[in-house]
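# Breakdown of the fold
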Amino acid sequence: MHNALESRLPEHAESTIELAIQHANAGGLPFAALIINSQGEVIGEGVNQVAQQLDCTAHAEVQAIRNASRNTRRVALHGATLIASGEPCALCFMAIHMAGIKNVICLSNRHDAADHGFDYRWTYRHINTSLLNALNIVMLGVDRKLWPFQVARQQSLTSKKPAAPKARRSG
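So, here's what we can say about the structure. Keep in mind that this is a model prediction, so the values were computed, not measured.

### Considerations on the sheet that holds strand β1 (residues 32-36)
With respect to topology, five strands assemble into an open sheet ordered β2-β1-β3-β4-β5, the strand pairing being mixed. The sheet is open, and its two borders are formed by β2 (42-47) and β5 (136-139), each paired with just one other strand. On average, each strand axis in the sheet is tilted by 15° relative to the strand beside it, whichever way the strands run. Alignment of strand β4 (residues 103-106) against β5, held across four bridges, turns out to be parallel.

Spelled out as C-alpha cells, the structure:
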C-alpha cells in the first residue's frame, strides 16, 4: 500500500462507514465502498443500490468502480485501493479484479454481515480461489465496523408496519 493512502486510511475507513450508515438511515442496505488513488484521494464512491435501480449488479463496490471510472475517464483503475464497509461478494470481487484494482480493504467480514441479517456467503461457492489469491485483501479492524448493519436492522424493524386487516367479501 502507498504511504499517502496509509496515512489517510483511518479517515477513509471512517468515511466509508459513515457513507454506509447514511445509506442505511435512508432505508438502503448497509454497504458502501470508496476507491482511493495512489495519492490517497477518493476517486469514487458507491452504495448498494440494487433495490433503487432494480439492478442486481448495483452493489456498493460496483457502483464505486463505475463512479471512479467516470471520474477518471478510465476503465482500468490500476494502482487504486477499494475500501468496503463489508467484505465484497463473489460478483464484486470479480468486478474489482476486472477493474485492475489489486488492493481491497474490508472493514467487516461476510460472517459479521450474516450475523446481522445480510447473508451473502453462498456467493463464495461460485468464486475461483485463484481470483482471491490475485488480490491483496486486508481485514481492517475498526471500532464502528458494525454500526451500518445495526442501523439497517433498526431501520428495518421500525419500517415494518402491522398488516392491514383483510377486507371481507360480502356474499
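Past the structure itself, the notes keep going.
### Brief notes about unusual backbone geometry
Here Leu54, not a glycine, exhibits a phi torsion of approximately 50°, which is positive. Note on placement: Leu54 falls in the loop between α2 (50-53) and α3 (60-72). For Arg73, which is not glycine, the phi dihedral falls at a positive 60°. Looking at where Arg73 falls in the secondary structure, it is placed in the loop between α3 and β3 (81-84).

### So, the packing of helix α1 (residues 3-25) against helix α7 (residues 147-159)
For the pair α1 and α7, the least separation of the axes is 8 Å and the interaxial angle reads 5°. One element, α1, and the other, α7, form an angle in the roughly parallel class. Contacts from Ile17, Ala20, Ile21, Ala24 and Asn25 of α1 reach α7 at Trp147, Pro148, Val151, Ala152 and Gln155. Of the residues in the contact of α1 with α7, the class split is eight nonpolar, two polar and no charged.

### Some details on the packing of aromatic side chains
Scanning the entire structure with this criterion turns up five aromatic pairs. Taken together, a centroid distance of 6.0 Å and an interplanar angle of 90° make the contact between Phe31 and Phe118 edge-to-face. Here Phe31, found in the loop between α1 and β1, pairs with Phe118, found in the loop between α5 (110-115) and α6 (129-133); they are 87 residues apart in sequence, far enough to count as distant. With respect to class, Phe31 is no different from Phe118; both count as buried. Both rings, one in Phe31 and one in Phe149, keep their centres 5.6 Å apart while their planes meet at 75°; by these two values the pair is edge-to-face. On the criterion of sequence distance, the pair formed by Phe31 in the loop between α1 and β1 and Phe149 in helix α7 is long-range, its members being 118 residues apart.

Cut-offs applied
Residues numbered from 1 in each chain as written. Predicted model: local features only at pLDDT ≥ 70, side-chain atom pairs only at ≥ 80, totals over all residues. Heavy atoms only, no water. Pairing = 2+ DSSP bridges. Helix = DSSP H or I, 4+ residues; strand = E, 2+ residues; numbered from the N terminus. Axes fitted to C-alpha atoms, helices over the stretch in contact; angles between N-to-C directions. Parallel < 35°, antiparallel > 145°, perpendicular 65-115°, else oblique. Contact = heavy atoms within 4.5 Å. Nonpolar A, V, L, I, M, F, W, Y, C, P; charged D, E, K, R; others polar. Phe/Tyr/Trp six-rings, centres within 6.5 Å; stacked < 30°, edge-to-face > 60°. Buried < 20%, exposed > 50% of the residue type's maximum accessible area, 1.4 Å probe, protein only.

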